[in-house]
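The lines below spell out each chain.
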Amino acid sequence: MRKALSTSLALAAVTALVVAVSANGRSTTATAATGIPGCAKDKLGLLDKAGMLTIGADNPAFHPWFGGDEKTKPWKFSDPYSGKGYESAVAYAVAKQLGFSKEQVKWAVTPFNNSFRPGKKSFDFYITQVSYSPQRAKAVDFSKGYYFVNQSIVGRKGKPIASVRSINGLRKYTLGAQVGTTSYDFIVKQIRPASSPKVYDTNDAAVQALKNGRIDGLVVDLPTAFYVAAVQVPDGRVVGQFRARGARERFGLVLPKGSKLTACANRALDRLWANGTIKNLQRIWLAHATGAPVLK
Amino acid sequence: MTARVSRETRAVAIALLSTAVLAAAIVVVATRSPGWGAFRAYFLDWAIYRDSFPEILHAFWLNVKLFLVAEVIILPAALFLAVLRSLPGPVFFPIRALAIAYADLFRGVPTILVISILGFGMPALGLSWLPQSEFFWAVVALVLVYTAYVSEVYRSGIDSVHASQDAAARSLGLSHGQSLRLVVLPQAVRRVIPPLLNDFIGLQKDTALVGTLGVVEAFKQAQIDQSATFNGTPYLVAATLFVLITIPLARFVDWLVARDKKRQQAGRAA
């Protein structure tokens, strides 16, 4: 009896809130699509005992994947809690589909290497531009893709590489990539340059190498390329992008192997693709990152 | 005679038994641990080991070149530094002070920082006459750091030669330089060969730090393979290669030490 009473009270409160929100003329999506059948929060095997959703991301969190000003410690450079930037926005959209409010989400700093090491994970899912591969999927669960990615190459204006128009034309240059990225694979397997490519531990080291001429071109995913060229390297230029051969490369959420959350995250992503949220978020956060010549 | 043989047999048996017990204990603890399956899948994947071996071996060649080139420079440079530090008299104070400052600085700064600062910093200066190659700056960094260590080894060797040796040489009319070259150093260097080789092994391992500059050496190649497969077995491949190259050297050092000991004891008996 008591329980029923409190439930109806809560319902009344929610209704009042919804009315208030709609009356405000603000978004009414606050109540839309909370929860997916078979994905009750207590069935997801969440890390946090208090029922928060823990999302992992690497620090610093780079644009355009994460946005907002530095605010929440220890995040550097941007703030995943902001909901700004493509991956932050997608993560919150997935959380909302699963019935988590913005306040019920917490972010855990997780270096890329720790996202797939064996043992207990520090997150429910991890989102930092991790590309799916069948090999990798033996170690962790991958969700469906939330972004289909093209590799691309950044050079510097006025340098010979800036006018290259084909993959063949890139072979004679010294190229670099960040370790742990599929960009390195792309250099080795698709471009096959004459001199061995350089591999850097961090984005910063790779950008530094491009700036001081140790490498002629930096291979990164296309949205990152636009950010590198616009902000990190003053005379940077996106030389071109590459069309994948075979299956398209995709970024997926990383989950612990056998996670109960995987199927539910997939259903949340299915909904977000179907209702246009993903397309919309890509338009908001990645719109500038499309127009680069395709190198073949 | 028979008593001695049985004592030896017993010692061998005890050694074998205690080794077997220890090994069994480790195996039991490891395989019974809750995460053993995950551990084995992550670090002991034979197919990945086999697949990544050729590439990592190829990259390891860079490590070999690095430590060989560096060691050839370090051995004489460190000896020179040690000699500078042992120069007598107040005139040479500034040289001694500089040598001490150098050794203090480069023994104090972590090797990976020296490599990063030189490797990223020097090309960033934009001076066209400065060498740009990562290999060059990696060798410079390793030489700077290890010369500081190795000079201390030489110095301890020089200090261990009794002052009466030098005094005797000088009384025969040899100059300081001659005494050093003909009397002190030959004895000093022979005494410090084991610790010199020890530092050489340290140098071999520290070549793995050079990957931070972007060049693909064994550790970096292992990292690449690890992130491509999300499996840690490639690290085991790199570890195998480093161990394979250091073990013979380590055993050689042991042998040298044992031989020296035997000689000294024989000398005492005579």
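Residues numbered from 1 in each chain as written. Chains lettered and ligands numbered in written order. Predicted model: local features only at pLDDT ≥ 70, side-chain atom pairs only at ≥ 80, totals over all residues. Heavy atoms only, no water.

A. Fine view of the environment of T110 of chain A. All names here are of chain A. You can see T110 is positioned in the loop between β2 (105–109) and β3 (125–126). Separated by 31 residues in sequence, T110 and D141 place their C-alpha atoms 16 Å apart. Ignoring any residue separated from it by four or fewer positions in sequence, one finds T110 in contact with G56, A57, D58, S115, S122, F123 and Y126. In this structure the side chain of T110 is engaged in a polar contact, spanning 3.0 Å, whose partner is the backbone oxygen of A108. (Helix = DSSP H or I, 4+ residues; strand = E, 2+ residues; numbered from the N terminus. Contact = heavy atoms within 4.5 Å. Polar contact = N/O pair within 3.5 Å; in protein donor to acceptor, adjacent residues only side chain to side chain.)

B. Representation of the interface of chain B and chain A. Facing the 23 residues of chain B at the interface are 24 residues of chain A. Here chain B meets chain A over a buried area of about 2,000 Å², counting both sides, of which 60% is carbon and sulfur. K198 of chain A serves as the salt-bridge partner of E134 of chain B, at 3.8 Å between the closest nitrogen and oxygen. Here the side of chain B that touches chain A takes 8 residues from helix α10 (residues 218–229) of chain B, the largest share from any one element. (Buried area = accessible area lost by both parts, 1.4 Å probe. Salt bridge = Lys/Arg side-chain N within 4 Å of Asp/Glu carboxyl O.)

C. The arrangement of the nonpolar core in detail. Judged by nonpolar contacts, the single largest core of 76 residues is most densely connected at L218 of chain A together with L203 of chain B. Excluding its chain neighbours within four sequence positions, the residues that come into contact with L203 of chain B are F67, A70, E71, I74, L142 and Y146 of chain B. If you look at the next biggest cluster of nonpolar residues, it comprises 40 residues, including C39, I55, Y86 and V90 of chain A. (Core = buried A, V, L, I, M, F, W, Y, C linked by side-chain atoms within 4.5 Å. Buried < 20%, exposed > 50% of the residue type's maximum accessible area, 1.4 Å probe, protein only.)

D. Structural context of helix α7 (residues 277–286) of chain A. Residues and elements named next belong to chain A. I278, L281, Q282 and L286 are the residues of α7 that are buried. Each buried residue of α7 sits inside an arc of 105 degrees when the element is viewed along its axis, so together they form one side. Exposed residues on α7 whose side chains face more than 90 degrees from its buried face are K279 and R283. Residues of α7 that are buried in the fold lie against α2 (86–97), β4 (141–149), α5 (222–232) and α6 (261–274). (Arc of directions from axis to C-beta.)

E. A look at the state of the cysteines. All names here are of chain A. What the rule picks out here adds up to 1 disulfide over all chains. Between the sulfur atoms of C39 and its disulfide partner C264 the distance amounts to 2.0 Å. Handedness of the C39-C264 disulfide follows from its S-S torsion of about -95 degrees: it is left-handed. Here C39 is found in the loop between α1 (2–23) and β1 (53–57), whereas its partner C264 is found in helix α6, with 225 residues between them in sequence. (Disulfide = S-S within 2.5 Å.)

F. Main features of the pairing of strand β9 (residues 236–242) of chain A. All names here are of chain A. Across the 7 residues of β9, 6 count as buried, placing the element largely inside the fold. Relative to β9, strand β5 (residues 151–156) is paired through 5 bridges, and the arrangement is antiparallel. Residue pairing across strands places G155 opposite R237, the latter belonging to β9. Bridge count for β9 against strand β11 (residues 294–295) is 2 bridges, and the pairing is parallel. Note on β11: the bridge partner recorded for F242 is L295. (Pairing = 2+ DSSP bridges.)

G. Inspection of the domain arrangement of chain A at higher detail. Residue and element names in this part refer to chain A. For chain A, the assigned domains read domain 1 (36–148 + 250–290) and domain 2 (151–242). For domain 1 and domain 2, the distance between their C-alpha centres works out to 27 Å. Contact residues are listed per partner, giving 14 residues for domain 1 and 11 residues for domain 2. Roughly 980 Å² is buried in total at the junction of domain 1 and domain 2, and carbon and sulfur atoms are behind 63% of that figure. The tally of links from domain 1 across to domain 2 stands at 0 salt bridges. Between the two partners, domain 1 and domain 2, sit 3 residue pairs in polar contact (both at pLDDT 80 or more). Taken together, the residues of the side of domain 1 that touches domain 2 sort by class into 9 nonpolar, 4 polar and 1 charged. (Domains from an automatic or database assignment. Nonpolar A, V, L, I, M, F, W, Y, C, P; charged D, E, K, R; others polar.)

H. Layout of the side chain of T147 of chain B. Residues and elements named next belong to chain B. With respect to the secondary-structure elements, T147 resides in helix α6 (residues 134–160). T147 sits in the buried class, given a relative accessible area of 5%. Within the structure, T147 has its side chain in polar contact with the backbone oxygen of V143 (distance 2.5 Å). Look past the residues within four positions of T147 in its chain and what remains in contact with it is I74, A77, A78, L81, Y102 and L142.

I. The sheet that holds strand β7 (residues 198–200) of chain A, seen in detail. Residues and elements named next belong to chain A. Pairing is mixed across the open sheet formed by 6 strands, whose spatial order is β7-β6-β8-β5-β9-β11. In the strand order of this sheet, the two ends are held by β7 and β11, each with one partner. Helix-sheet contacts for α5 involve β5, β8 (217–221) and β9, and the interaxial angle to β8 is about 130 degrees. (Axes fitted to C-alpha atoms, helices over the stretch in contact; angles between N-to-C directions.)

J. Focus on the domain arrangement of chain B. Domain parsing of chain B yields domain 1 (1–32) and domain 2 (46–269). Here the C-alpha centroids of domain 1 of chain B and domain 2 of chain B sit 37 Å apart.

K. Highlighting the packing of α2 of chain A against α6 of chain A. All names here are of chain A. The contact between α2 and α6 brings their axes to 9 Å, and the two run at 110 degrees. When the axes of α2 and α6 are compared, the pair comes out roughly perpendicular. Judged by the sense of rotation from one axis to the other, the crossing of α2 with α6 is right-handed. Residues V90, A93, V94 and Q97 of α2 form the contact with α6, whose own contacting residues are A268, L269, R271 and L272. Its residues assigned to classes, the contact of α2 with α6 comprises 6 nonpolar, 1 polar and 1 charged. (Parallel < 35°, antiparallel > 145°, perpendicular 65-115°, else oblique. Left-handed = near helix turned anticlockwise from the far one by under 90°.)

L. Focus on the side chain of N150 of chain A. All names here are of chain A. Mapped onto the elements of the fold, N150 is located in the loop between β4 and β5. At 3.0 Å, the side chain of N150 and the side chain of Q241 are in polar contact. Polar side-chain contacts of N150 include one of 3.4 Å to the side chain of R248. In this structure N150 touches V220, D221, L222, Q241, F242, R243, A244 and R248, once residues within four positions along its chain are discounted.

M. Expanded view of the packing of aromatic side chains. In total, this model carries 32 aromatic pairs over all chains according to the counting rule given. Here F186 of chain A and F242 of chain A contribute two aromatic rings whose centre-to-centre distance is 4.6 Å and whose plane-to-plane angle is 35 degrees, an arrangement assigned as tilted. With F186 of chain A in helix α3 (residues 182–191) and F242 of chain A in strand β9, this residue pair connects regions lying 56 residues apart in the sequence. Classification of F186 of chain A by relative accessible area gives buried; the value is 12%. Seen in terms of ring centroids, Y102 of chain B and F106 of chain B are 5.1 Å apart; in terms of plane orientation they differ by 45 degrees. Their pairing is tilted. In this pair, Y102 of chain B and F106 of chain B both sit in helix α4 (residues 93–108), 4 residues apart, roughly one turn of the helix. Like F106 of chain B, Y102 of chain B is buried. Ring pairs connect the aromatic residues W65, Y86, Y146, Y147 and F251 of chain A, which therefore count as one cluster. (Phe/Tyr/Trp six-rings, centres within 6.5 Å; stacked < 30°, edge-to-face > 60°.)

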